[in-house]
Amino acid sequence: MKHDPPLPPGQHENPSFDRFGLGLFADRLKLIRPSTPLTIGGNVQNAVTVTAELAQLERTEIVADFHCVTTWSVRNVRWSGYRFSDFYEKIVVPRCQPREKHAFVVLQGQDGYQVSMQLNDLLQSDVLLADTLNGESLGLDHGAPLRLVAPKHYGYKSAKHLTAINFNASAKGYNFPFPYPNFMDHPRGRVEFEERATLLPLWIVRPLYRFLQTGARKKHAKALMKHLRQHEH
Ligand SMILES: Nc1nc2c(c(=O)[nH]1)N[C@H]1C(S)=C(S)[C@@H](COP(=O)(O)O)O[C@H]1N2
Ligand SMILES: [Mo]
């Protein structure tokens with residue numbers, strides 16, 4: 001029998017990989033289009049919209065554990081798509097000519113979700129713009145048509161249903177929307193260092209998030225079922 005290494009601190013294994021997210025976005029599946037152009041903007045000379053260019057990049061596959069900040073993890077998830085670093089070097093730099101200061105990147109989803117990450121974290125070789133999960137095109141549940149996957153960061157950094165990527169000098173003003181408190185969005189969110197939240201100590205954050213997990217999972221599952229029922233033919 002294969003023995004998996006222990007999970008990162010404060011995480012427990014969830015047997016299945018389910019749709020998950022902030023409650024506010026659970027019911028926004030009607031906004032998701034199956035193919036959408038990706039807009040690149042922010043502190044760049046030229047904002048551009050890319051559609052076919054992505055497919056010119058080399059495809060790559062990773063297998064990684066997925067860790068949600070609310071303490072659940074799923075082992076060995078297989079994603080494929082394009083390395084963010086390739087996307088940056090081969091599309092963003094030549095086409096958009098980013099201005100000097102753009103250490104933060106804001107990722108926006110078609111559902112209105114947005115989250116920021118440090119550019120140097122995104123340039124790691126295991127960070128993908130992914131369009132398949134376990135060998136199949138991404139479903140509505142897991143971020144169709146294109147999502148970020150940053151395995152060393154908590155799941156909330158892996159924005160689903162990507163529609164825009166903005167290169168900015170700072171992450172200021174890009175917190176989660178009302179009613180979510182600012183402490184929920186850590187500027188880095190690295191799993192290894194348990195960067196779950198700012199301000200609050202882990203002995204409060206862990207049980208609080210673990211408590212919120214069940215409701216969020218149910219809400220996302222219910223909204224997905226409702227959406228699929230309404231759109232079946
Ligand atoms: N667009 C969008 N991306 C999102 C979210 C969301 O609600 N909307 N939730 C985040 C959170 S908190 C987690 S844990 C993961 C869940 O990914 P999954 O639905 O594929 O399990 O997506 C992240 N990306
Ligand atoms: Mo999450």
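The structure displayed is predicted, hence computed values, not measured ones.

Asks: Go over the site of ligand 1, please, and point to the residues and values.
Replies: Ligand 1 sits among 21 residues. The nearest are Asp18, Asp111, His142, Arg147 and Lys160. At 2.7 Å from an oxygen atom of ligand 1 is found a side-chain nitrogen or oxygen belonging to Arg147. A distance of 2.5 Å separates an oxygen atom of ligand 1 from a polar atom in the side chain of Lys160. Notes on ligand 1: free accessible area 530 Å², of which the protein chains cover 98%. Across the shell around ligand 1, the residue classes break down as 10 nonpolar, 5 polar and 6 charged.

Asks: Before we move on, could you go through helix α1 (residues 84–96) and cite the residues and values that matter?
Replies: A rise of 1.5 Å per residue sets the reference length of α1, with its 13 residues, at 18 Å; its end C-alpha atoms lie only 15 Å apart and thus fall more than 12% short of the reference. All buried positions along α1 are accounted for by Phe84, Ser85, Asp86, Phe87, Tyr88, Ile91, Val92 and Cys96. Following α1 by one or two positions, Gln97 adopts a phi angle in the positive range, close to 45°.

Asks: Help me get a handle on helix α3 (residues 202–230), residues and values and all.
Replies: Look at α3: 41 Å from first C-alpha to last across 29 residues, which is about the 42 Å you get at 1.5 Å a residue. Where α3 bends most, at Gln213, the angle is about 30°. Among the residues of α3, those classed as buried are Val205, Tyr209, Gln213, Ala216, Arg217, His220, Ala223, Leu224 and His227.

Asks: Which residues make up the environment of Asn120, and what are the values?
Replies: Checked against the element boundaries, Asn120 lands in helix α2 (residues 119–122). Measuring from C-alpha to C-alpha, the distance between Asn120 and Phe104 comes to 8.6 Å, with 16 residues separating the pair along the chain.

Asks: Provide a residue-level description of the nonpolar core, including the pertinent values.
Replies: With 43 residues, the main nonpolar core has Phe84, Phe87, Leu148, Ile165 and Phe167 as its most contacted residues. Among the elements of the structure, β2 (38–42), β3 (48–50), α1, β6 (104–109), β7 (114–118), α2, β11 (162–168) and α3 are those that each provide at least two residues to this core. The element best represented in this core is α1, accounting for 6 residues. For Ile165, the contacting residues outside a window of four places in its chain are Leu38, Thr39, Ile40, Gly41, Phe84, Phe87, Val105, Val106, Leu107 and Leu129. Ala64, Leu128, Ala130 and Leu138 belong to the second largest nonpolar core, which has 17 residues in total.

Asks: Any details on the pattern of salt bridges? Residues and values, ideally.
Replies: Inspection of the entire model under this criterion finds 14 salt bridges. One salt bridge in this structure joins Asp27 and Lys226, with 3.8 Å as the shortest N-O distance. On the criterion of sequence distance, the pair formed by Asp27 in the loop between β1 (12–13) and β2 and Lys226 in helix α3 is long-range, its members being 199 residues apart. Of the residues examined, Lys226 reaches a relative accessible area of 37% and is grouped as partly exposed. Among the ionic pairs, Asp121 bridges to Arg188, the shortest N-O distance being 2.7 Å. With Asp121 in helix α2 and Arg188 in the loop between β11 and α3, this residue pair connects regions lying 67 residues apart in the sequence. Classification of Asp121 as buried rests on a relative accessible area of 2%. When salt bridges with common partners are traced through the structure, they connect Glu13, Asp65 and Arg75 into a single cluster.

Cut-offs used in this document
Residues numbered from 1 in each chain as written. Chains lettered and ligands numbered in written order. Predicted model: local features only at pLDDT ≥ 70, side-chain atom pairs only at ≥ 80, totals over all residues. Heavy atoms only, no water. Near = heavy atom within 4 Å. Polar contact = N/O pair within 3.5 Å; in protein donor to acceptor, adjacent residues only side chain to side chain. Areas by Shrake-Rupley, 256 points an atom, 1.4 Å probe, with all protein chains shown as cover. Nonpolar A, V, L, I, M, F, W, Y, C, P; charged D, E, K, R; others polar. Helix = DSSP H or I, 4+ residues; strand = E, 2+ residues; numbered from the N terminus. Expected span 1.5 Å × (residues − 1). Buried < 20%, exposed > 50% of the residue type's maximum accessible area, 1.4 Å probe, protein only. Bend = angle between axes of the 7 residues up to and from the residue. Core = buried A, V, L, I, M, F, W, Y, C linked by side-chain atoms within 4.5 Å. Contact = heavy atoms within 4.5 Å. Salt bridge = Lys/Arg side-chain N within 4 Å of Asp/Glu carboxyl O.

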